[in-house]
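Chains, contacts and geometry: an overview
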Amino acid sequence: MLADPGLASHVSFSPVTVNDRKNSMTRFSSAAPAWLLTCLAAACESPAEESDFVQTDSAGITILESFRPEWAEGEGWTVASEPELAIGAGPMGGDDPNHPAFGSIRDVSVLSSGSLIVGDVTTSEVMVFDTLGLLTHKFGGKGDGPGELEDFGAVHLCAGDTIIAADAYASNFFDSEGRFIRRLATVDGETGIPLNVFLRSADCRRFLVTDDRYRTPAPEGPERLTYWVFTWTDDSFMRRDTVVRVPARHVYQYDIFTRFVPWTAHVYPIRLTGDDLVFGYSQRAELRVVAAAGDPKRILRWHAAPDPITAEERRRWNEEQRVGESGRLVQLDDFPWLPEHKAFFDRMKADDMGNLWVRALPPPDPSPERWTVLSAAGRWLGTVRMPDGFALSTVARGRVYGIHRDELGVRTVRVHRLDQGG
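The rules behind each value
Residues numbered from 1 in each chain as written. Predicted model: local features only at pLDDT ≥ 70, side-chain atom pairs only at ≥ 80, totals over all residues. Heavy atoms only, no water. Helix = DSSP H or I, 4+ residues; strand = E, 2+ residues; numbered from the N terminus. Buried < 20%, exposed > 50% of the residue type's maximum accessible area, 1.4 Å probe, protein only. Contact = heavy atoms within 4.5 Å. Areas by Shrake-Rupley, 256 points an atom, 1.4 Å probe, with all protein chains shown as cover. Pairing = 2+ DSSP bridges. Salt bridge = Lys/Arg side-chain N within 4 Å of Asp/Glu carboxyl O. Core = buried A, V, L, I, M, F, W, Y, C linked by side-chain atoms within 4.5 Å. Axes fitted to C-alpha atoms, helices over the stretch in contact; angles between N-to-C directions. Phe/Tyr/Trp six-rings, centres within 6.5 Å; stacked < 30°, edge-to-face > 60°. Lys NZ or Arg CZ within 6 Å of the ring centre and 35° of its normal. Arc of directions from axis to C-beta. Disulfide = S-S within 2.5 Å. pLDDT = per-residue confidence, 0-100. Polar contact = N/O pair within 3.5 Å; in protein donor to acceptor, adjacent residues only side chain to side chain.

As a further point, take the overall build of the chain. Looking only at helices and strands, the chain has two helices and 30 strands in total. Classification of the 422 residues of the chain by burial places 49% in the buried group. Long-range contacts, defined here as pairs at least 24 residues apart, represent 49% of the contacts in the chain between residues at least 6 apart. As displayed, the chain has an accessible area near 19,800 Å², and 49% of this comes from carbon and sulfur atoms.

Here it is as structure tokens:
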């Protein structure tokens, strides 16, 4: 259904959570769709907390709710401490093409063959390594000619192992061998304004986008939230299908100053299977699966305890906040509507088995990443910890793929086995 993103959306998220097992009803805005209002009218309450996992239905929407993780202490999945494969030159550099000295790499993707796709923002190159870690080919490079990348930012994969090397203004399509296919400018078809492209459909023929016209630039309501309005468009970037309107982040305003509230997080949507999308509001332990057309399909909830905001963190943040020419010190107590706990997660991923992974908000110290895993059936399984210095990019083929950063800041690509025996 075509709609004006500025007028309506299929799904509205509430910024308010009631963390009570006996009554986990969620308050929604007056713009909430009929299926949500039906649930509220029927007083959709959480079942008895004696149950570990409960499935209910409301107006055709499946609600999957976990009250405790399935993995007991000492059980669950683990990541091997030593990598199965490591690619990179290390602190001394070198001229081995199979172990390049990476500049700035952000993600590692995996082709259907198991080969690794690594994009280096520093050199604007995309490198392909086979399952043994040998460099098979690379493409791109700085420039504005066909197949060159002027302002390279990220790599994405489409069905059929089509590779997209994206920059701020365009998507550059390549096949799995690095042969250039086409360049598509990702700008508004009417105004020429660059669009924020968040996701591609499985066949990369449609794009999930937003731009400043369909984003609330100033905070709304007592919770001081900004919102993203996500919309589908084809490669004309002119007609849009509204999908969802979700909170972007808590902000505060003082005179003309607008800043992010600490311990909250932007969480961008991910694609689960086909064109199903997953959205999450990071202040609530809940994810929502939405069909490509914007129709809600499933709600996944897990009753995890949020990480508290410590007195030391509040003190440190208070000391850093000054605004205006007078240097007025802004204190957290000036904003009573601030969240009382840290975000439940700040990133989401889906693995090749349909499980959902959400990353706990990292603490100030360089602690290992912690990822909560929800099964394809919607059950809260437990937590998987990454090795020290390892940032997860992809989970596939019984392995975790990502980027390791050592104490000197040197980045290498690493692959670790994932033990799923728990």
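Residues Leu356 and Val358 line one face of strand β25 (residues 356–359) and the alternating positions Trp357 and Arg359 line the opposite face, and both faces are buried. Relative to β25, strand β24 (residues 347–350) is paired through four bridges, and the arrangement is antiparallel. Within β25, the residue paired with methionine 348 across the bridge is valine 358. Turn length for the β24-β25 hairpin, with the two strands adjacent in sequence and antiparallel, is five residues, and the turn residue glycine 354 shows positive phi of about 90°. Relative to strand β26 (residues 370–374), β25 runs antiparallel, the two being bridged by four bridges.

Turning our attention to the pattern of salt bridges. Taken as a whole and judged by the stated rule, the model has 23 salt bridges. Salt-bridge contacts for aspartate 188 lead to arginine 240; the nearest nitrogen and oxygen are separated by 2.7 Å. In this pair, aspartate 188 sits in the loop between β12 (180–185) and β13 (196–200) while arginine 240 sits in strand β16 (residues 240–254), placing the two residues 52 residues apart along the sequence. The exposure classification of aspartate 188 matches that of arginine 240, with both residues buried. Between arginine 288 and glutamate 286 there is a salt bridge, and its shortest N-O distance comes to 2.7 Å. Under the relative-accessibility criterion, arginine 288 is labelled buried at 2%. For glutamate 286, a relative accessible area of 3% corresponds to the buried category. One salt-bridge network, held together by shared partners, links Arg284, Glu286, Arg288 and Arg301.

In this section: the nonpolar core. Among the nonpolar cores identified, the biggest contains 30 residues, and Val278, Leu287, Trp302, Phe345, Met348 and Leu356 are the most heavily contacted of them. Where this core is concerned, the elements lending two or more residues are β20 (286–290), β21 (296–302) and β25. If we skip the residues at most four places from it in the chain, leucine 287 touches Val278, Phe279, Gly280, Arg298, Ile299, Leu300, Trp302, Phe345, Met348, Leu356, Val358 and Leu374. Met127, Phe129, Ile403 and Val415 belong to the second largest nonpolar core, which has 15 residues in total.

The strand order β9-β10-β11-β12 describes an open sheet built from four strands, whose pairing is antiparallel. Taken across any chain shown, the strands that pair with only one partner, and hence form the sheet edges, are β9 (152–158) and β12. In this sheet, adjacent strand axes meet at a mean angle of 20° when their direction is disregarded. In this structure, strand β10 (residues 162–167) lies alongside strand β11 (residues 170–174), joined through four bridges in antiparallel fashion. Across the sheet, the residue bridging to alanine 165 is asparagine 172, located in β11.

Okay, the packing of aromatic side chains next. Taken as a whole and assessed by the stated rule, the structure comprises 11 aromatic pairs. Summarising the aromatic geometry, the rings of phenylalanine 198 and tryptophan 228 are spaced 5.4 Å apart at their centres and angled 70° between planes, so their arrangement reads as edge-to-face. Of the two residues, phenylalanine 198 is situated in strand β13 and tryptophan 228 in strand β15 (residues 225–233); the sequence distance between them amounts to 30 residues. Counting every residue linked through ring pairs, the aromatic cluster contains Phe198, Trp228, Phe230, Tyr268 and Phe279. In this structure, arginine 206 packs its charged tip against the face of tryptophan 232, placed 4.5 Å from the ring centre. The ring centre of tyrosine 227 lies 4.0 Å from the NZ or CZ of arginine 245, which sits over that ring.

What follows covers helix α2 (residues 311–320). Burial in α2 covers these residues: Glu313, Trp317 and Asn318. Projected down its long axis, α2 carries its buried residues within an arc of 130°, all on one side. For α2, exposure combined with an orientation more than 90 degrees from the buried face picks out Ala311 and Glu319.

The next thing to look at is the state of the cysteines. Scanning the entire structure with this criterion turns up one disulfide. With a sulfur-sulfur separation of 1.6 Å, cysteine 158 is cross-linked through a disulfide to cysteine 204. On the sign convention where negative means left-handed, the S-S torsion of about -80° between cysteine 158 and cysteine 204 marks this disulfide as left-handed. Within this pair, whereas cysteine 158 is found in strand β9, its partner cysteine 204 is found in the loop between β13 and β14 (207–210), the two being separated by 46 residues in sequence. Overall, the relative accessible area of 7% leaves cysteine 158 in the buried class. Taking relative accessible area as the criterion, cysteine 204 reaches 3% and is therefore assigned buried.

Moving on to the confidence of the model for the chain. On average, the chain scores 82 in pLDDT, and the residues at 70 or more come to 82%. Across residues 1–10, where pLDDT falls below 50, the model places 25 contacts with residues more than four positions away in sequence or in other chains. Overall, residues 14–48 carries pLDDT values under 50, and its contacts beyond four positions in sequence, including any with other chains, amount to 70 contacts.

Strand order in the open sheet formed by four strands is β24-β25-β26-β27, with antiparallel pairing between adjacent strands. At either margin of the open sheet sits one strand with a lone partner, and together these are β24 and β27 (380–385). Ignoring which end each strand starts from, the neighbouring axes of this sheet average 25° apart.

This brings us to the side chain of histidine 404. Structurally, histidine 404 can be placed in strand β29 (residues 399–405). Among the polar contacts listed, one links the side chain of histidine 404 to the backbone oxygen of aspartate 388, at a separation of 3.4 Å. Each residue touching histidine 404, except ones within four places of it in the same chain, is listed here: Asp388, Gly389, Phe390, Val410, Arg411, Thr412 and Arg414.

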